[in-house]
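Take a look at the letters that make up each chain.
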Amino acid sequence: MASTDIPDIVISRLPIYLRALTRMMDEVNPNTSSKELGERLGISSAQIRKDLSHFGEFGKQGTGYDKKKLIDQLRRILKVEREWDVALVGAGAIGHALAHYNGFLDRGFRIAMIFDSDPHKIGTQLNGFEVYDVARMSELLPPNGIVLAMLAVPAEAAQLVANQLVEAGIKGILSYAPINIAVPETVRVQDIDPVAQLQRITYYV
Ligand code: NAI
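Just so you know, these numbers come straight off a predicted model, no measurement behind them.

Calculation notes
Residues numbered from 1 in each chain as written. Predicted model: local features only at pLDDT ≥ 70, side-chain atom pairs only at ≥ 80, totals over all residues. Heavy atoms only, no water. Phe/Tyr/Trp six-rings, centres within 6.5 Å; stacked < 30°, edge-to-face > 60°. Buried < 20%, exposed > 50% of the residue type's maximum accessible area, 1.4 Å probe, protein only. Lys NZ or Arg CZ within 6 Å of the ring centre and 35° of its normal.

Observations regarding the packing of aromatic side chains
Then step 1. Within the structure shown, the criterion is met by three aromatic pairs.
Then step 2. Their ring planes at 85° and their centres at 5.0 Å tell us that Y101 and F104 sit as a pair that is edge-to-face.
Then step 3. Accessibility expressed as a relative area gives 45% for Y101, which makes it partly exposed.
Then step 4. We classify F104 as buried; its relative accessible area is 18%.
Then step 5. Ring centres 5.0 Å apart and planes at 85° place the aromatic pair Y203 and Y204 in the edge-to-face group. Each member of the pair, Y203 as well as Y204, carries the same accessibility label: exposed.
Then step 6. A cation over a ring is seen here: R82 above W84, with NZ or CZ 3.6 Å from the ring centre.

Here it is, written out as structure tokens:
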């Protein structure tokens, strides 16, 4: 099955399975079951089996899943069996927090280049990386093989910067700016908007 045929909601659960399984590697039993995984995640075992069935046969009747093997397979499916270099655009408050977060590298993502438009920031260092002029993205990103970016600029600048990222060959953008940015179909955008997430919570409170 082509990856585009698989519902995005299924893809969105795979990193959650991967994260849980990675934590479970500390435990003695090398195997787990959809039941055990489901109980830990609050997801039904049927859902987990159905999600994984999109990608072929994984577990065995009776013994369940070999955790290590399932982790390897999930990493391959999500293409995180390799390390990804990521560009960070916006060396402000969020940019600083992201640049100092060790959790990316632990899980296969390395902030490799940082860009900003502020002349006071260009040429300075942020966690050991030089901050480059945003105008140089097309020159610097392709030769470094960087196709992923995190966007941490003000909402007013986000669309313009997204256009520049697309022009520079970026294929995936994680956007912190609280607006919908438009990109060509070949580029994947994922938003992180904590306010929208809080609003989703307040509905239930
Ligand atoms: P900030 O104002 O501290 O930093 C923004 C950075 O973007 C600055 O360094 C600025 O020079 C740079 N910038 C502006 N225009 C640019 C352009 N055209 N090209 C390249 N760089 C440019 O803002 P902050 O707080 O870091 O927020 C960044 C984004 O994240 C905003 O869209 C904000 O709404 C969002 N956000 C911020 C949160 C926070 O806790 N600070 C929380 C959630 C979202």
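After that view of the structure, there is still more to cover.
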